Amino acid sequence: MNTVTTKQARIDMARARAGEIVLPQVTHIAFGTGGHEPGDVTKPIPPSENDTALEQEVIRVPIASRTRINETTVRYKVSLAGDQANGMPLTEAGLIDSNGRLVARKTFGAKVKEPDVSMDFEWDEEF
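Residues numbered from 1 in each chain as written. Predicted model: local features only at pLDDT ≥ 70, side-chain atom pairs only at ≥ 80, totals over all residues. Heavy atoms only, no water.

Draft legend 1. Structural detail: the nonpolar core. Core analysis: the largest hydrophobic core is formed by 20 residues, its most contacted members being Ile-29, Phe-31, Tyr-76, Val-78, Leu-80 and Leu-95. Of all the secondary structure elements, the ones that give two or more residues to this core are β2 (26–32), β5 (57–62), β7 (73–80), β8 (89–97), β9 (102–112) and β10 (119–126). At four residues, the largest contribution of residues to this core is made by β7. Setting aside residues no more than four positions away along its own chain, Tyr-76 makes contact with Val-26, Ile-29, Ile-63, Ser-65, Arg-66, Leu-95, Phe-121, Glu-122, Trp-123 and Glu-125. (Core = buried A, V, L, I, M, F, W, Y, C linked by side-chain atoms within 4.5 Å. Buried < 20%, exposed > 50% of the residue type's maximum accessible area, 1.4 Å probe, protein only. Helix = DSSP H or I, 4+ residues; strand = E, 2+ residues; numbered from the N terminus. Contact = heavy atoms within 4.5 Å.)

And the structure:
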């Protein structure tokens, strides 16, 4: 599940299309532990268009690469290193812009990071 969040993000997209502003670049992907039903990390709670932050952000990782993979899709890649977010049931992620604002949010069944293991993540933003 992926939802562009906040009314402000949608307003900014419309303003950018009208040539009024330049959109800030997506610079980070944040990960958190609050995207699931209480007591069951396997059941994600769908994101809301009113989300302004992750429920329980635990780490924010700079985008390692961004690539336009077709005419309407940008792919962002990040990696969690062996010493980052270990033992945490990650159940939510968010695209964060250079102003520190949440642009989009995903929720999913838990992915538990283990010590000394790197995890690679890709996020496709489709327009």
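Draft legend 2. Molecular detail of the pattern of salt bridges. Inspection of every chain in the model, using the stated rule, returns 10 salt bridges. Among the ionic pairs, Lys-43 bridges to Asp-40, the shortest N-O distance being 4.0 Å. Across the pair Arg-105 and Asp-51 runs a salt bridge whose closest N-O atoms are separated by 2.8 Å. Placement of Arg-105 in strand β9 and of Asp-51 in the loop between β4 (40–44) and β5 is noted, with a sequence separation of 54 residues between them. The class of Arg-105 is buried, set by a relative accessible area of 3%. Residues participating in the shared-partner salt-bridge network are Arg-75, Lys-77, Glu-122 and Asp-124. (Salt bridge = Lys/Arg side-chain N within 4 Å of Asp/Glu carboxyl O.)

Draft legend 3. Here's a closer look at the pairing of β4. Where strand β3 (residues 36–37) and β4 come together, two bridges link them in antiparallel fashion. Within β4, the position partnered with Glu-37 by the bridge is Asp-40. The antiparallel pairing of β3 with β4 creates a hairpin that spans two residues between the two strands, and Gly-39 there sits at a positive phi of about 85°. (Pairing = 2+ DSSP bridges.)

Draft legend 4. Summary view of the environment of Ala-16. Note that Ala-16 resides in helix α1 (residues 7–17). In this view, Ala-16 contacts Ile-21 and Leu-23; residues no more than four positions away in its chain are not counted.

Draft legend 5. Inspection of the confidence of the model for the protein at higher detail. Counting all residues, the mean pLDDT for the protein is 90, and 95% of those residues have values of 70 or more. Across the protein, element-level confidence peaks in β5 with a mean pLDDT of 98 and bottoms out in strand β1 (residues 2–4) with 60. (pLDDT = per-residue confidence, 0-100.)

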